[in-house]
Amino acid sequence: MTSRPYVLLSCAMSIDGYIDDATTERLLLSNDADLDRIDAVRAGCDAIMVGAATVRRDDPRLLVRSERRRAERVASGLPPCPVKVTVTASGDLDPTARFFTMGEGAKLVYCPSGVAEKTREQVGAVATVVDAGDPVTPEAVLADLAGRGVGRLMVEGGGTVHCQFLTAGVADELHLVVAPFFVGDGRAPRFVADGRFPWHSGRRARVVEVRQIGDVVLTRYALSDRCEV
């Protein structure tokens, strides 16, 4: 897919590789300075994606927080915030979630053919539901996004979505932040699950930046020749 959007994956994890703990409360991994960096990255993208499990568990807003950055986008002829994108296998989404109710921009929901009708009944009034075939693949989602004018996509998780994009080999760049503590609970979700990844001991990803941001460390990995150093 030579015309697919540029795909940037963003994730924060504990030292032992967990992106959350096993409680019902959201685990804060980033600090204020890193959250501002993420906001700047968001502002430079056309769309932001999270999986449906993240919508249900974390109830994210997925908006550009900085008023100045929103104004700069508008001055450039863009909407204040990127398009919001999610992928669901079941169609079980709450139309009152902040993903749908906050922000005036477009919201896209990709789902398999078998649950397209159910998904439209659930959230069709607050989002555009796209029947993406069965199963839904990253390639299919990216092809549709490209047709909608999305040139740069930021994927913010969770682990299932990250794993799907990585194993499909359609990621260009990874921002991986490590928080200075351990979770130590095998019930908690990790950054990615098992899979066949294009990067392994015989084909290492290229590190393009390592930066300390307060008490966390950001590592940027180039995952394709398209990566912007």
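Scroll up a little and you will see the structure.
In this text, all values refer to a predicted model and were calculated from it rather than measured experimentally.

### Points about unusual backbone geometry
- In this model, Asp134 is joined to Pro135 through a cis peptide bond whose omega is 5°.
- Looking at the element boundaries, Pro135 is found in the loop between strand E5 (128-131) and helix H6 (138-147).
- For Asp59, which is not a glycine, the phi torsion comes out positive at approximately 50°.
- Topologically, Asp59 is positioned in the loop between helix H2 (52-58) and helix H3 (67-75).
- Even without glycine at this site, Leu62 takes up a positive phi of about 55°.
- Structurally, Leu62 can be placed in the loop between H2 and H3.

### Section: the pattern of salt bridges
- Summed over the entire model, instances satisfying the criterion amount to 16 salt bridges.
- The salt bridge partner of Asp36 is Arg69, with a shortest N-O separation of 3.0 Å. One end of the pair, Asp36, is in helix H1 (residues 32-43); the other, Arg69, is in helix H3, with 33 residues separating them in the sequence.
- According to the relative accessible area criterion, Arg69 is buried, its value standing at 10%.
- What emerges from the salt-bridge pattern is a single network uniting Glu173, Glu209, Arg211 and Arg220.

### Thoughts on the side chain of Lys84
- Structurally, Lys84 is set in strand E3 (residues 83-87).
- Among buried charged residues, Lys84 stands out as having no salt bridge; its nearest opposite-charge side chain is Asp59, 8.6 Å away.
- Of note is the side chain of Lys84, whose polar atom sits 2.9 Å from the backbone oxygen of Arg61.
- Here Phe99 takes part through its backbone oxygen, which lies 2.7 Å from a polar atom of the side chain of Lys84.

### Describing the sheet that holds strand E8 (residues 206-213)
- The strand order E5-E4-E3-E2-E6-E1-E7-E9-E8 describes an open sheet built from nine strands, whose pairing is mixed. Here the strands that pair on one side only, and so sit at the sheet edges, are E5 and E8. Averaged over all neighbouring strand pairs, the angle between strand axes comes to 20°, with direction disregarded.
- The sheet strands contacting helix H7 (residues 159-167) are strand E1 (6-13), strand E2 (47-51) and strand E6 (152-155), and the helix crosses E1 at an angle near 135°.

### A closer look at the environment of Val123
- Summarising the element assignment, Val123 is placed in helix H5 (residues 116-123).
- Along the sequence, Val123 and Val216 sit 93 residues apart, while their C-alpha atoms lie 37 Å from each other.

### Quick word on H1
- With twelve residues, H1 should reach 16 Å at 1.5 Å per residue; the first-to-last C-alpha distance of 17 Å fits that figure.
- Looking only at H1, the buried set comprises Asp34, Arg37, Ile38, Asp39, Val41, Arg42 and Ala43.
- Where H1 begins, one side-chain oxygen reaches toward the backbone nitrogen of Ala33, 3.2 Å away; that side chain belongs to Asn31.

### A word on the pairing of strand E9 (residues 216-222)
- Counting buried residues along E9, five of its seven residues qualify, which places the element largely inside the surrounding structure.
- When strand E7 (residues 173-178) meets E9, the two strands line up antiparallel, connected through six bridges. Note that in E9 the partner of Val178 across the bridge is Val217.
- In this structure, E8 lies alongside E9, joined through seven bridges in antiparallel fashion. Of the residues in E9, the one forming a bridge with Arg211 is Leu218.
- Remark: two residues form the turn of the hairpin made by E8 and E9, two consecutive strands paired antiparallel; Gly214 in that turn has positive phi of roughly 60°.

The rules behind each value
- Residues numbered from 1 in each chain as written.
- Predicted model: local features only at pLDDT ≥ 70, side-chain atom pairs only at ≥ 80, totals over all residues.
- Heavy atoms only, no water.
- Helix = DSSP H or I, 4+ residues; strand = E, 2+ residues; numbered from the N terminus.
- Salt bridge = Lys/Arg side-chain N within 4 Å of Asp/Glu carboxyl O.
- Buried < 20%, exposed > 50% of the residue type's maximum accessible area, 1.4 Å probe, protein only.
- Lys, Arg positive; Asp, Glu negative; His and termini not counted.
- Polar contact = N/O pair within 3.5 Å; in protein donor to acceptor, adjacent residues only side chain to side chain.
- Pairing = 2+ DSSP bridges.
- Axes fitted to C-alpha atoms, helices over the stretch in contact; angles between N-to-C directions.
- Contact = heavy atoms within 4.5 Å.
- Expected span 1.5 Å × (residues − 1).

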